[in-house]
Amino acid sequence: MTTAPLYGIATILGMAAVTVLARSFFLYAKREPRIPDALQRALQVAPLAAIVAVVAPEIFISHGHLIDTWRDARVPAAIASTLFYAWRPGVLGPLLAGLAVYLPLRLALGW
Amino acid sequence: MLVFGPGIAAWGLVTGVAMTQSGLGVGLSMLMSITVYAGSAQLASLPLIASGAPMWVIWASALCVNLRFAIFSAQWRTHIGHLPRARRLVLGFLLADLNLVVFQKAWPGGRHETGQARYAAGGAASVWLIWQGTSFAGILLSSLVPLEWGLGFAGTLSMLGIAYSLLVDRGAWVAAVVAAAAAVAAYALPLKLNILVAIAAAVTVGLVMTQAGRAARRMRPGEGSSP
């Protein structure tokens with residue numbers, strides 16, 4: 001299906017406005033918002049929490065439910081990635097290690 | 001910042017391919033990539049746009065998926081709050097999740113220091129270039145990239161490495177475990193609100209832990225009978 005151009009443009013620009021609103025929420029006002037120090041410190045884990053919150057379901061949820069089969073390429077790939085990280089911390093190494101397990105299982109065995 | 005290059009590139013490519021393959025067309029896909037510039041919100045909107053959902057539903061979904069940026073903006077305020085408003089807003093729009101992650105590793109104090117705005121701007125430019133470059137590549141080459149390979153999982157795996165690199169102390173471990181459990185448990189919530197639930201849970205547990213630690217320290221000298 002192809003989206004009608006004008007309708008699509010309006011939809012997309014509205015989404016852009018929403019993104020601007022969220023990203024600049026506490027940046028717009030002239031005076032700095034007063035956030036208690038304890039909360040400010042606690043908020044430092046927010047980005048880590050957000051990343052984990054995106055990653056965990058991608059690995060452990062399939063079709064809306066907790067994974068219930070071991071014939072799923074994602075869990076072994078995540079384990080390979082984790083082991084590689086324990087051996088050599090980084091981003092590219094664990095990524096390639098995970099893909100090296102993921103792609104054969106998925107493409108050859110259809111997991 | 002460049003350590004994360006491959007992960008950002010994988011996400012960008014997959015997002016570009018997904019936009020075109022969902023029927024958005026090359027022009028609209030490029031417009032979305034440039035103006036929305038929020039990968040998770042873009043991916044969440046595609047099935048809604050393809051199924052002809054009302055515009056306000058799509059906007060509401062983008063808002064929910066992007067709400068975490070409002071939380072992040074409070075942290076950016078500490079570091080780039082001294083800039084003039086126009087520059088704060090432009091820089092704020094360009095700062096994605098990974099920018100804050102990298103920034104926190106480089107400036108762990110949580111205080112304002114000189115050079116932070118320049119560091120943030122450099123990070124924003126790097127992520128923007130990699131993301132837009134690979135996203136455009138995905139848009140233009142969409143027919144050549146087989147989505148059934150599940151290449152989106154490459155993005156997940158790279159985020160996994162990033163998450164591990166952030167586990168620097170006990171507080172971070174607790175936050176990660178709490179966030180993972182909350183995100184999986186609240187997965188049934190619509191509009192990716194489970195991400196927000198996970199952030200709230202992790203931050204709350206962190207708050208309680210620091211308060212409890214402080215209370216414990218305060219009680220110890222008063223007890224008079226330390227072991």
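Draft legend 1. Quick look at the overall build of chain B. When its secondary structure is counted, chain B shows 10 helices and 0 strands. Starting at the N terminus and walking to the C terminus, you meet the elements of chain B as α-α-α-α-α-α-α-α-α-α. Across the 227 residues that make up chain B, the buried fraction comes to 45%. Long-range contacts, defined here as pairs at least 24 residues apart, represent 70% of the contacts in chain B between residues at least 6 apart.

Draft legend 2. Quick look at the overall build of chain A. When its secondary structure is counted, chain A shows 5 helices and 2 strands. The helix and strand sequence of chain A, counted from the amino end, reads α-α-α-β-β-α-α. With the C-alpha coordinates aligned to their principal axes, the bounding extent of chain A is approximately 55 × 50 × 30 Å. For chain A, the residues scored as buried account for 41% of the 111 residues in total. Once local pairs closer than 6 in sequence are excluded, the contacts in chain A between residues at least 24 apart make up 32%.

Draft legend 3. View of the domain arrangement of chain B. All names here are of chain B. Looking at chain B, the domain boundaries give domain 1 (2–166) and domain 2 (168–220). Distance from the C-alpha centre of domain 1 to the C-alpha centre of domain 2: 24 Å. Residue-level contacts link 10 residues of domain 1 with 9 residues of domain 2. Mapped onto the side of domain 1 that touches domain 2, the elements with two or more residues apiece are helix 3 (39–50) and helix 4 (55–80). Broken down by class, the residue content of the side of domain 1 that touches domain 2 amounts to 7 nonpolar, 2 polar and 1 charged.

Draft legend 4. The confidence of the model for chain A, seen in detail. Mean pLDDT for chain A: 86, with 97% of residues reaching 70 or above. The secondary structure element of chain A with the lowest average pLDDT is strand 2 (residues 65–66) of chain A, at 80, and the one with the highest is helix 1 (residues 5–23) of chain A, at 93.

Draft legend 5. Inspection of the nonpolar core at higher detail. In terms of nonpolar packing, the biggest core is built from 98 residues, with Ala49(A), Val52(A), Ala53(A), Ala179(B), Ala198(B), Ile199(B) and Ala202(B) touching the most fellow members. If one sorts the elements of this core by residue count, helix 3 (residues 46–60) of chain A sits on top with 11 residues. Counting contributing residues, this core receives three or more from each of domain 1 (2–166) and domain 2 (168–220) of chain B.

Draft legend 6. Spotlight on helix 2 (residues 26–35) of chain B. For helix 2 of chain B, the full list of buried residues reads Leu28(B), Ser29(B), Met32(B) and Ser33(B). Along the long axis of helix 2 of chain B, the arc covered by the buried residues comes to 140°, so they all point the same way. Lining the buried residues of helix 2 of chain B we find helix 1 of chain A together with helix 1 (5–24), helix 3 and helix 7 (116–140) of chain B. One or two residues past the end of helix 2 of chain B sits Tyr37(B), with phi positive at roughly 45°.

Draft legend 7. The arrangement of the environment of Ser29(B) in detail. All names here are of chain B. As for its placement among the helices and strands, Ser 29 is situated in helix 2. In this structure, the C-alpha to C-alpha distance between Ser 29 and Ile 139, residues 110 residues apart in sequence, is 6.9 Å. Setting aside residues up to four positions removed in sequence, Ser 29 forms contacts with Gly 16, Met 19, Thr 20, Leu 24 and Ile 139.

Draft legend 8. Broad picture of the packing of helix 4 (residues 74–87) of chain A against helix 8 (residues 152–165) of chain B. As a packed pair, helix 4 of chain A and helix 8 of chain B sit with axes 10 Å apart at the nearest point and diverge in direction by 35°. The hand of the helix 4 of chain A/helix 8 of chain B crossing is right-handed. On helix 8 of chain B, the residues that touch Arg74(A), Ala77(A), Ala78(A), Ser81(A) and Tyr85(A) of helix 4 of chain A are Phe153(B), Leu157(B), Leu160(B), Gly161(B) and Tyr164(B). Residues of the contact of helix 4 of chain A with helix 8 of chain B, tallied by class, amount to 7 nonpolar, 2 polar and 1 charged.

Draft legend 9. Seen up close, the confidence of the model for chain B. Taken over all residues, the pLDDT of chain B has a mean of 87, while the share at 70 or more is 95%. The ipTM value of the predicted complex is 0.82, and its pTM value is 0.80.

Draft legend 10. Representation of the packing of helix 2 of chain B against helix 7 of chain B. Residue and element names in this part refer to chain B. Packing of helix 2 against helix 7 brings their axes to within 10 Å, and their N-to-C directions diverge by 165°. It follows from the interaxial angle that helix 2 and helix 7 lie roughly antiparallel. The handedness of the crossing between helix 2 and helix 7 comes out as right-handed. Across from Val 26, Ser 29, Met 30, Ser 33 and Ile 34 in helix 2, the residues of helix 7 making contact are Gln 132, Ser 135, Phe 136 and Ile 139.

Draft legend 11. Geometry of helix 6 (residues 97–106) of chain B. Of all 10 residues that make up helix 6 of chain B, 8 are buried, and the element is covered over most of its length. Listed as buried for helix 6 of chain B are Asp97(B), Leu98(B), Asn99(B), Leu100(B), Val101(B), Val102(B), Phe103(B) and Gln104(B). Where helix 6 of chain B is buried, its residues contact helix 3 of chain A together with helix 1, helix 4, helix 7 and helix 8 of chain B.

Draft legend 12. Broad picture of unusual backbone geometry. The backbone phi angle of Tyr37(B) is positive, close to 45°, even though this residue is not glycine. Mapped onto the secondary structure, Tyr37(B) falls in the loop between helix 2 and helix 3.

Calculation notes
- Residues numbered from 1 in each chain as written.
- Chains lettered and ligands numbered in written order.
- Predicted model: local features only at pLDDT ≥ 70, side-chain atom pairs only at ≥ 80, totals over all residues.
- Helix = DSSP H or I, 4+ residues; strand = E, 2+ residues; numbered from the N terminus.
- Buried ≥ 20, exposed ≤ 12 C-beta atoms within 10 Å, placed from the backbone.
- Contact = placed C-beta atoms within 7 Å.
- Domains from an automatic or database assignment.
- Nonpolar A, V, L, I, M, F, W, Y, C, P; charged D, E, K, R; others polar.
- pLDDT = per-residue confidence, 0-100.
- Core = buried A, V, L, I, M, F, W, Y, C linked by C-beta atoms within 7 Å.
- Arc of directions from axis to C-beta.
- Axes fitted to C-alpha atoms, helices over the stretch in contact; angles between N-to-C directions.
- Left-handed = near helix turned anticlockwise from the far one by under 90°.
- Parallel < 35°, antiparallel > 145°, perpendicular 65-115°, else oblique.

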